[in-house]
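# Results of the structural survey
These are the residues of each chain, in order.
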Amino acid sequence: MTQCVIKATQLDKYFGDLKAIDQLDLAVEKGQIYGFLGPNGCGKTTAIRMLTGLLQPTNGHIEVLGLQLPRDAEQLRTKLGYMTQKFSLYGDLTVYENLNFIASLYSFSSAERRTRIDELLHLYGLDERATQLAASMSGGQRQRLSLAAAVMNKPQILFLDEPTSAVDPQNRRDFWETLFDLSSTGTTILVTTHYMDEAERCHKLAILEAGVKRADGTPKQLMADMDAHVIEVSGAQTRQLKSDLANLPEVLSATQLGAQLRVLVRKDISQPLEFLRTQKFVNRDWQLHQVRPSLEDVFVTCTGQGRQ
Ligand SMILES: Nc1ncnc2c1ncn2[C@@H]1O[C@H](COP(=O)(O)OP(=O)(O)OP(=O)(O)O)[C@@H](O)[C@H]1O
């Protein structure tokens, strides 16, 4: 039987008049990598801060590892790991000193502390850098140090807020391998990202917009259930087509991808190819094909980003 380790129901968070989170329901199973996707300012960090007990919800109910938040926040502290969006370690301490400082927050004996730090230095490829100042490290190295610090206490749940924003594609891939290693040993991971390739790696995803959860499911489900048809248009001189299509209420978005225009047409249009072909500004020489949705299409459909 699957075990739900994060449960949130009807969660609201107001900052003054701003409703940053609006009736959020969430259920995350043990060992899952659960992605939070959404435009800037949609409430991802706010949601994470509430789920870690750092921020009190205005309304709603949160249960993490069977404990209630915010009431049991102190009890949960040692069971969670949190890698914040900004590098939050000390630039003027070395890698070893930073890890030693984090370790001092937990109840390790000095022998356990040394063993755990050595283990992490090795696991995250930092052994050679133990005496380097954190400020002088590259984005990818800092990210590995932040992850090492976040998993110091072998957390049951790891929260990662845009962990790969300053990292090149190869380092991102390597980073995700470490996340799968952690997940395979039962660590539950909640990760926010703006990268579609990362979102696709998650077991499950929630897409937020203006504090509201617009979709929730496996990447495969989300693509299968998407509320739009995807049509690719190719041919000469299609640049003007983008703005012509933007005036049609049936078209959710039109985006240039290389030589093609990718058009999202509302799902209630039963013959989307026919619908586009019969528009007076659509040239007969252009080729139109219906294709399978991508996660980016789902994102655009859910958040209305294509209309901006
Ligand atoms: N402490 C605060 N006081 C007032 N407003 C806040 C506070 N924290 C967040 N907000 C507002 O709440 C909204 C959600 O912010 P949040 O940081 O959760 O978004 P996000 O999805 O994490 O954004 P990003 O992708 O840019 O990191 C934003 O409008 C933000 O300005």
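No experiment lies behind these values; they were computed from the predicted model shown.

### Here we look at the overall build of the protein
Secondary structure assignment for the protein yields 11 helices and 14 strands. Counting only C-alpha atoms, the protein reaches 75 × 45 × 40 Å along its principal axes. For the protein, restricting intrachain contacts to residue pairs at least 6 apart in sequence, the fraction spanning at least 24 positions comes to 68%. With an accessible surface of roughly 15,500 Å², the protein has 48% of that area assigned to carbon and sulfur atoms.

### Some words on the nonpolar core
Counting 49 residues, the largest nonpolar core has L99 and L160 as the members making the most contacts within it. L99 has contacts with I117, L121, L145, A148, A149 and M152, leaving out every residue within four places of it along the chain. With 27 residues, the next largest nonpolar core counts V64, L67, L80 and A206 among its residues.

### Looking at the site of the ligand
Taken together, 14 residues surround the ligand, and among them N40, G41, K44, T45 and T46 come closest. G43 places a main-chain nitrogen or oxygen 3.0 Å from an oxygen atom of the ligand. The separation between an oxygen atom of the ligand and a polar side-chain atom of H194 is 3.2 Å. When the ligand sits alone it has 640 Å² of accessible area, and the protein chains cover 62% of it. Counting residues per element, the ones that place at least two in the shell around the ligand are β2 (18-29) and α1 (44-51). For the shell around the ligand, the leading source of residues is α1, giving three residues. The class makeup of the residues in the shell around the ligand is five nonpolar, seven polar and two charged.

### Some thoughts on the sheet that holds strand β14 (residues 287-291)
One open sheet accounts for four strands, arranged β12-β13-β11-β14; its pairing is antiparallel. Edge positions in the sheet fall to β12 (251-257) and β14, since each of these pairs with one other strand and no more. Taking each pair of neighbouring strands and ignoring which way they run, the sheet shows an average axis angle of 25 degrees. Relative to strand β13 (residues 260-266), β12 runs antiparallel, the two sharing six bridges. Bridging across to β13, L257 finds its partner in Q260. Here helix α11 (residues 295-303) sits on the sheet in contact with β11 (228-234), β12 and β13, set at roughly 50 degrees to β13.

### Overview of the environment of V95
Within the secondary structure, V95 sits in helix α3 (residues 95-103). Placed 54 residues apart in sequence, V95 and A149 show a C-alpha to C-alpha distance of 9.9 Å. When near neighbours in sequence (up to four residues on either side) are disregarded, V95 contacts L121, L126, R129, A130, Q132, M137 and L145.

### A few points about the pattern of salt bridges
This structure, assessed with the given rule, holds 12 salt bridges. One salt bridge in this structure joins R172 and D197, with 2.6 Å as the shortest N-O distance. Pair noted here: R172 is in helix α6 (residues 169-184) and D197 is in helix α7 (residues 196-201), with a separation of 25 residues, a long-range link. A network of salt bridges, in which partner residues are shared, links D12, K19 and D22.

### Focus: the UniProt feature "domain: ABC transporter" (unreviewed entry) in the protein
Residues given the UniProt feature "domain: ABC transporter" (unreviewed entry) here are residues 6-235. The span residues 6-235 carries 33% helix and 30% strand; its end-to-end C-alpha distance comes to 49 Å.

### Here we look at the environment of K19
Mapped onto the elements, K19 comes out in strand β2. Under the relative-accessibility criterion, K19 is labelled partly exposed at 27%. The sequence separation of K19 and T58 amounts to 39 residues, and the corresponding C-alpha distance is 9.6 Å. With sequence-adjacent residues up to four places away left out, K19 is seen in contact with D12, K13, Y14 and A210.

### Quick look at the sheet that holds strand β5 (residues 67-69)
In spatial order, the strands read β2-β1-β4-β5; together these four strands make up an open sheet with antiparallel pairing. Only two strands of the sheet have a single neighbouring strand rather than two, namely β2 and β5. With direction set aside, neighbouring strand axes in the sheet form an average angle of 20 degrees. Pairing of strand β1 (residues 4-15) with β2, which is carried by eight bridges, proceeds in the antiparallel orientation. Of the residues in β2, the one forming a bridge with C4 is E29. Against the sheet, α1 touches β1, β2, β4 (59-64) and β5, its axis set at about 120 degrees to β1.

Cut-off values and rules
- Residues numbered from 1 in each chain as written.
- Predicted model: local features only at pLDDT ≥ 70, side-chain atom pairs only at ≥ 80, totals over all residues.
- Heavy atoms only, no water.
- Helix = DSSP H or I, 4+ residues; strand = E, 2+ residues; numbered from the N terminus.
- Contact = heavy atoms within 4.5 Å.
- Areas by Shrake-Rupley, 256 points an atom, 1.4 Å probe, with all protein chains shown as cover.
- Core = buried A, V, L, I, M, F, W, Y, C linked by side-chain atoms within 4.5 Å.
- Buried < 20%, exposed > 50% of the residue type's maximum accessible area, 1.4 Å probe, protein only.
- Near = heavy atom within 4 Å.
- Polar contact = N/O pair within 3.5 Å; in protein donor to acceptor, adjacent residues only side chain to side chain.
- Nonpolar A, V, L, I, M, F, W, Y, C, P; charged D, E, K, R; others polar.
- Pairing = 2+ DSSP bridges.
- Axes fitted to C-alpha atoms, helices over the stretch in contact; angles between N-to-C directions.
- Salt bridge = Lys/Arg side-chain N within 4 Å of Asp/Glu carboxyl O.
- UniProt positions renumbered as here; feature names shortened; annotations may be inferred.

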